[in-house]
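Structural overview for review
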Amino acid sequence: QVQLVESGGGLVQPGGSLRLSCASSGNIFSINHMGWYRQAPGKERELVARITRGGSTNYVDSVKGRFTISRDNAKNTVYLQMNSLKPEDTAVYYCNAERFSGIIEWGRGTQVTVSS
(Lines give C-alpha, C1' and ligand atoms only; values in the text may rest on other atoms or scores of the structure.)
Protein backbone atom coordinates (compact mmCIF):
# COMPACT_ATOMS: atom_id res chain seq x y z
CA GLN A 1 0.00 0.00 0.00
CA VAL A 2 3.08 2.22 -0.02
CA GLN A 3 4.97 2.81 -3.22
CA LEU A 4 8.37 4.47 -3.42
CA VAL A 5 9.88 5.86 -6.60
CA GLU A 6 13.44 7.16 -6.69
CA SER A 7 14.76 9.69 -9.15
CA GLY A 8 17.76 11.92 -9.65
CA GLY A 9 20.48 9.38 -10.21
CA GLY A 10 23.00 9.68 -12.97
CA LEU A 11 26.62 10.17 -13.88
CA VAL A 12 28.63 12.76 -12.01
CA GLN A 13 32.28 13.72 -11.77
CA PRO A 14 34.22 13.22 -8.55
CA GLY A 15 33.65 16.19 -6.31
CA GLY A 16 30.33 16.90 -7.91
CA SER A 17 26.87 16.94 -6.42
CA LEU A 18 23.64 15.13 -7.00
CA ARG A 19 20.26 15.17 -5.33
CA LEU A 20 18.12 12.09 -5.14
CA SER A 21 14.39 12.22 -4.60
CA CYS A 22 12.01 9.57 -3.40
CA ALA A 23 8.32 10.12 -3.87
CA SER A 24 5.96 8.04 -1.80
CA SER A 25 2.36 7.28 -2.54
CA GLY A 26 -0.41 5.08 -1.29
CA ASN A 27 -0.92 4.81 2.43
CA ILE A 28 1.65 7.47 3.21
CA PHE A 29 0.25 8.08 6.67
CA SER A 30 1.52 4.66 7.66
CA ILE A 31 5.14 5.71 7.10
CA ASN A 32 7.29 6.29 10.15
CA HIS A 33 11.00 6.47 9.38
CA MET A 34 12.62 6.69 5.96
CA GLY A 35 16.08 6.20 4.66
CA TRP A 36 18.44 5.75 1.79
CA TYR A 37 20.42 2.59 1.21
CA ARG A 38 22.91 1.77 -1.46
CA GLN A 39 24.37 -1.34 -2.99
CA ALA A 40 27.52 -1.44 -5.03
CA PRO A 41 28.39 -4.40 -7.25
CA GLY A 42 29.66 -7.29 -5.16
CA LYS A 43 28.75 -5.61 -1.90
CA GLU A 44 25.89 -5.89 0.53
CA ARG A 45 23.26 -3.23 0.74
CA GLU A 46 24.17 -0.67 3.35
CA LEU A 47 22.37 2.11 5.13
CA VAL A 48 23.47 5.51 3.91
CA ALA A 49 21.17 7.85 5.75
CA ARG A 50 18.03 7.66 7.81
CA ILE A 51 15.48 10.21 8.89
CA THR A 52 12.73 9.84 11.42
CA ARG A 53 9.21 11.12 11.14
CA GLY A 54 10.23 14.05 13.31
CA GLY A 55 13.31 14.87 11.25
CA SER A 56 16.14 13.35 13.27
CA THR A 57 18.89 12.02 11.05
CA ASN A 58 21.83 9.67 11.09
CA TYR A 59 24.42 8.72 8.51
CA VAL A 60 26.94 6.08 7.76
CA ASP A 61 30.38 7.37 8.67
CA SER A 62 31.62 7.40 5.10
CA VAL A 63 29.11 10.05 4.02
CA LYS A 64 28.99 12.26 7.10
CA GLY A 65 29.60 15.86 6.20
CA ARG A 66 28.92 15.19 2.53
CA PHE A 67 25.38 13.85 2.34
CA THR A 68 22.22 15.33 3.77
CA ILE A 69 18.91 13.54 4.09
CA SER A 70 15.72 15.51 4.40
CA ARG A 71 12.03 14.98 4.01
CA ASP A 72 9.08 17.06 3.01
CA ASN A 73 6.11 15.48 4.69
CA ALA A 74 3.68 17.72 2.86
CA LYS A 75 5.01 16.45 -0.46
CA ASN A 76 5.52 12.88 0.78
CA THR A 77 9.07 13.05 -0.49
CA VAL A 78 12.46 12.29 0.97
CA TYR A 79 15.68 13.66 -0.48
CA LEU A 80 19.34 12.83 -0.37
CA GLN A 81 21.65 15.70 -1.21
CA MET A 82 25.05 14.29 -2.10
CA ASN A 83 28.03 16.60 -2.25
CA SER A 84 31.73 15.99 -2.75
CA LEU A 85 30.96 12.72 -4.42
CA LYS A 86 33.63 10.06 -4.61
CA PRO A 87 34.01 7.08 -6.93
CA GLU A 88 33.30 4.80 -3.98
CA ASP A 89 29.84 6.35 -3.75
CA THR A 90 28.95 4.59 -6.99
CA ALA A 91 26.02 2.30 -6.31
CA VAL A 92 22.35 1.77 -6.80
CA TYR A 93 20.58 3.91 -4.24
CA TYR A 94 17.34 2.66 -2.78
CA CYS A 95 14.70 4.54 -0.92
CA ASN A 96 13.35 2.83 2.16
CA ALA A 97 10.32 3.40 4.32
CA GLU A 98 9.41 1.83 7.61
CA ARG A 99 5.78 1.69 8.49
CA PHE A 100 4.57 2.10 12.03
CA SER A 101 3.73 -1.59 11.85
CA GLY A 102 7.36 -2.41 11.15
CA ILE A 103 6.81 -3.41 7.55
CA ILE A 104 9.59 -2.20 5.28
CA GLU A 105 8.97 -0.84 1.80
CA TRP A 106 11.60 -0.41 -0.89
CA GLY A 107 11.89 1.54 -4.07
CA ARG A 108 13.36 0.02 -7.19
CA GLY A 109 16.53 2.06 -6.96
CA THR A 110 18.34 4.68 -8.97
CA GLN A 111 21.87 4.36 -10.29
CA VAL A 112 24.52 6.81 -9.14
CA THR A 113 27.83 6.64 -10.95
CA VAL A 114 30.79 8.77 -9.94
CA SER A 115 33.48 8.62 -12.56
CA SER A 116 37.08 8.03 -11.67
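Parameters at a glance
Residues numbered from 1 in each chain as written. Predicted model: local features only at pLDDT ≥ 70, side-chain atom pairs only at ≥ 80, totals over all residues. Heavy atoms only, no water. Pairing = 2+ DSSP bridges. Helix = DSSP H or I, 4+ residues; strand = E, 2+ residues; numbered from the N terminus. Axes fitted to C-alpha atoms, helices over the stretch in contact; angles between N-to-C directions. Phe/Tyr/Trp six-rings, centres within 6.5 Å; stacked < 30°, edge-to-face > 60°. Lys NZ or Arg CZ within 6 Å of the ring centre and 35° of its normal.

1. Things to note about the sheet that holds strand β3 (residues 18-26)
If you trace the four strands from one edge of the open sheet to the other, you get β1-β3-β8-β7, paired in antiparallel fashion. Pairing within the sheet leaves two strands with one partner each, and these edge strands are β1 (2-7) and β7 (67-72). In this sheet, neighbouring strand axes are inclined to one another by 15° on average, regardless of whether the strands run parallel or antiparallel. Alignment of β1 against β3, held across six bridges, turns out to be antiparallel. Bridge assignment links Val2 to a residue of β3, and that residue is Gly26.

2. Some details on the packing of aromatic side chains
Going through the model one piece at a time under the given rule, you end up with one aromatic pair. Seen from their ring centres, Tyr37 and Trp106 are 4.9 Å apart, and the 70° between their planes marks the pair as edge-to-face. Linking Tyr37 in strand β4 (residues 31-39) with Trp106 in strand β10 (residues 104-106), this pair joins segments that are 69 residues apart in sequence. One Lys or Arg, Arg45, reaches over the ring of Tyr94 and ends 3.8 Å from the middle of that ring. Stacked on the ring of Trp106, the Lys or Arg Arg45 has its end atom at 4.6 Å from the ring centre.

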